[in-house]
Amino acid sequence: MRFTETVAYCLLSVLIRGIGLIPVRTRDYLSTQIARIWFNADKRHRLLTIQNLTMVFDKKSPREIHELARDVFKQWVLVLFEIGWGFTLDKRNFSKYADIYGWQHVMTAAKK
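Definitions and cut-offs
Residues numbered from 1 in each chain as written. Predicted model: local features only at pLDDT ≥ 70, side-chain atom pairs only at ≥ 80, totals over all residues. Heavy atoms only, no water. Helix = DSSP H or I, 4+ residues; strand = E, 2+ residues; numbered from the N terminus. Rg over C-alpha atoms; globule rule 2.2 N^0.38 Å. Buried < 20%, exposed > 50% of the residue type's maximum accessible area, 1.4 Å probe, protein only. Contact = heavy atoms within 4.5 Å. Areas by Shrake-Rupley, 256 points an atom, 1.4 Å probe, with all protein chains shown as cover. Lys, Arg positive; Asp, Glu negative; His and termini not counted. Charge placed at Lys NZ, Arg CZ, Asp CG, Glu CD. Salt bridge = Lys/Arg side-chain N within 4 Å of Asp/Glu carboxyl O. Polar contact = N/O pair within 3.5 Å; in protein donor to acceptor, adjacent residues only side chain to side chain.

**Considerations on the overall build of the protein**
The helix and strand inventory of the protein stands at 6 helices and 0 strands. Listing each helix as α and each strand as β along the protein from the N terminus yields α-α-α-α-α-α. Taken over the C-alpha trace, the protein has a radius of gyration of 20 Å; the compact-globule value for 112 residues is 13 Å, which it surpasses by more than 25%. On the principal axes, the C-alpha backbone points of the protein span a range of 55 × 40 × 30 Å. Classification of the 112 residues of the protein by burial places 16% in the buried group. When contacts within the protein are restricted to residue pairs at least 6 apart in sequence, those whose partners lie at least 24 apart make up 66%. When the accessible area of the protein is evaluated, it comes to approximately 9300 Å², of which 64% is carbon and sulfur surface. For the protein, the centre of its 18 positive side-chain charges and the centre of its 10 negative side-chain charges are spaced 5 Å apart.

**A short note on the side chain of R46**
One can find R46 in helix 3 (residues 43-56). Here R46 sits buried without a salt bridge, and the closest side chain of opposite charge, D42, lies 7.2 Å off (N-O distance). At a separation of 2.7 Å, a polar atom in the side chain of R46 contacts the main-chain carbonyl oxygen of F39. Other than its neighbours up to four places away in sequence, R46 contacts F39, N40, A41 and F73.

Here you go:
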C-alpha cells in the first residue's frame, strides 16, 4: 500500500472505531439529525426513495410514504453507527449481544 492509502486507512479505521464508542442514546439522536439533514439536502435520493416506497406501498398516503422515506434514511445512518459499534465487540462482551447455536459443530469442523 502506498503511504497515502495507509494514512487514509488508519484515519478511516480510527473514525469508525470512534463512532462505535458513542453511547446508544447519543447515537440515536445523532442518526436522527444526520438523516434529517441528508433527507432534506439529497433531493435525488429522497425522490427515488419516495418513488420506490410509493410503488411498494400503493395504499399508503403520501404523508405515510414521506415518513417511511425519512425512516429509511435514518436506518442507513444507524448502519454506519452499528458498524462502528461492531468493532467494539470482543470475546468478553460478544455473548451479551449475540447467541451462537451449534458452536460445537464449528469447533469440531475446525479440528479436522
